[in-house]
Amino acid sequence: MSAGEQELLRPRRSVLYMPSSNARALEKAKDLDCDALILDLEDAVAPDAKAEAREAACAAAGSGAYGHRELTIRVNGADTAWHDDDLAAACAAGPDAIVVPKVDSAAAVHALTDALERHGAPDRTTLWAMVETPRAMLHAEEIAAASERLSVLVMGTNDLVKELYAEHVPGRAPLLTGLSLALLAARATGRVILDGVYNDVKDTDGFLAECRQGREMGFDGKTLIHPGQVAGANEAFSPSAAAVEDAHGVLEAWEQGAGSGVVTYRGRMVENLHVESARRTLALHEAVSAGR
Ligand SMILES: CC(C)(COP(=O)(O)OP(=O)(O)OC[C@H]1O[C@@H](n2cnc3c(N)ncnc32)[C@H](O)[C@@H]1OP(=O)(O)O)[C@@H](O)C(=O)NCCC(=O)NCCSC(=O)C[C@H](O)C(=O)O
Ligand SMILES: [Mg+2]
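Owing to the predicted nature of the structure, the values given are computational and were not obtained by experimental measurement.

Can you walk me through the overall build of the protein in this structure?
Counting secondary structure elements, the protein contains 13 helices and ten strands. A compact globule built from 292 residues would reach a C-alpha radius of gyration of about 19 Å, and the protein, at 20 Å, matches this within 12%. Once the C-alpha set of the protein is aligned to its principal axes, its extents read approximately 65 × 40 × 40 Å. By residue count, 43% of the 292 residues in the protein fall in the buried class. In the protein, once contacts between residues fewer than 6 apart in sequence are set aside, the share between residues at least 24 apart is 69%.

Here's what the structure looks like:
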């Protein structure tokens, strides 16, 4: 399996944001069952807390205290006074990835990868680009393809709703074009893509419905804002027991019909492309199980 294929199978079902200014949240995250953490310096941190939050995020990234969880730092945007200092500090801390908000062109990605090199970020530190503006939706493919260092696209659905003058509604009809454009770009370029956050931390049914929608659309996982959302996202973005059983059945039926280009399983047509999907389901299941 190539490095790119392995990257696509790394579980990122539950990716939890937390304000880096919140010491309690940083501590609590060490015991949460999420696949990845985004230590935020941007929206969740007040201007007068930015410097302290930066220090806390970098200390956390270098602490080795977060176990298997992928650890990332979200810096402030390129158009802010904090961006350069955030990038320099994050590069020195060397998290698994640096998350950058409001990336809207290939040129922006190039400027970021140049900055990562200039600041001596270790090779293991990749770039996660947040796509959250109309311009980013229209340029999603060139953003995703701009650098091999860019491994993940992250939907910023709050900013997208704001920029579109849209509204948050069940089913997300106003966002479907943008979500689909970003998904197409991620899949066309072999990148991972994470769905946006669900703001109402008390609305479990609404949250689970949005997880299901994201999974059905093809997202690899969901960004989260509260520990109470982790278990639901893990379940929604893991292959279910039924899907795993079905995948084994597809492979068995295919092997029994060796040589013929088409067989049936449980009354369904099975061709080579279905076998590839079944293999992916099993590989994902294995990757998720290995992390437990
Ligand atoms: C949304 C919250 C402000 C809710 O906070 P609160 O009411 O205090 O939550 P609880 O009392 O239910 O908290 C229970 C315990 O869990 C800990 N906690 C809460 N949130 C987190 C978290 N995100 N990570 C880790 N731990 C967390 C509390 O400390 C409590 O612990 P304990 O004391 O032991 O009981 C709050 O959840 C929050 O701040 N969430 C994160 C907000 C955030 O990071 N926002 C920025 C990212 S979203 C975004 O910007 C997306 C994008 O850019 C876009 O455009 O869409
Ligand atoms: Mg945003």
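Picking up where we left off.
What am I meant to see in the nonpolar core here?
Leu37, Ile73, Ala129, Val131 and Ala182 are the most contacted members of the largest nonpolar core, which totals 74 residues. With six residues, helix 3 (residues 50-61) is the largest single contributor of residues to this core.

Could you clarify how one ought to interpret the site of ligand 1 in this entry?
Met18, Ala25, Ala44, Gly156 and Asn158 are the nearest of the 23 residues found near ligand 1. Residue assignment for the shell around ligand 1 shows that the elements contributing at least two residues are strand 1 (14-19), helix 2 (23-28) and helix 8 (157-164). The element best represented in the shell around ligand 1 is strand 1, accounting for four residues. Here the residues of the shell around ligand 1 sort into twelve nonpolar, five polar and six charged.

Before we go on, may I ask you to explain the environment of alanine 283 in this structure?
Turning to its location among the elements, alanine 283 is positioned in helix 13 (residues 272-290). In this structure alanine 283 comes out as partly exposed when scored by C-beta crowding, with 17 C-beta atoms within 10 Å. Between the alpha carbons of alanine 283 and alanine 92 there is a distance of 34 Å; along the sequence they are 191 residues apart.

I'm lost on the pairing of strand 4 (residues 97-100) in this one. Help?
Neither face of strand 4 is left uncovered, since the one carrying Ala97 and Val99 and the one carrying Ile98 and Val100 both have all their residues buried. In the sheet, strand 3 (residues 70-74) pairs with strand 4 via three bridges, with the strands oriented parallel. For isoleucine 73, the partnering residue across the bridge sits in strand 4 and is isoleucine 98. Each parallel crossover has a hand, and the one from strand 3 via helix 4 (residues 83-93) to strand 4 is right-handed. Pairing of strand 4 with strand 5 (residues 126-131), which is carried by four bridges, proceeds in the parallel orientation. Within the sheet, the bridge partner assigned to isoleucine 98 lies in strand 5 and is leucine 127. Once the chain exits strand 4 it traverses helix 5 (residues 106-118) before rejoining the sheet at strand 5, and the crossover so formed is right-handed.

Procedures and definitions
- Residues numbered from 1 in each chain as written.
- Chains lettered and ligands numbered in written order.
- Predicted model: local features only at pLDDT ≥ 70, side-chain atom pairs only at ≥ 80, totals over all residues.
- Helix = DSSP H or I, 4+ residues; strand = E, 2+ residues; numbered from the N terminus.
- Rg over C-alpha atoms; globule rule 2.2 N^0.38 Å.
- Buried ≥ 20, exposed ≤ 12 C-beta atoms within 10 Å, placed from the backbone.
- Contact = placed C-beta atoms within 7 Å.
- Core = buried A, V, L, I, M, F, W, Y, C linked by C-beta atoms within 7 Å.
- Near = placed C-beta within 6 Å.
- Nonpolar A, V, L, I, M, F, W, Y, C, P; charged D, E, K, R; others polar.
- Pairing = 2+ DSSP bridges.
- Right-handed = clockwise from strand over helix to strand, strands pointing away.

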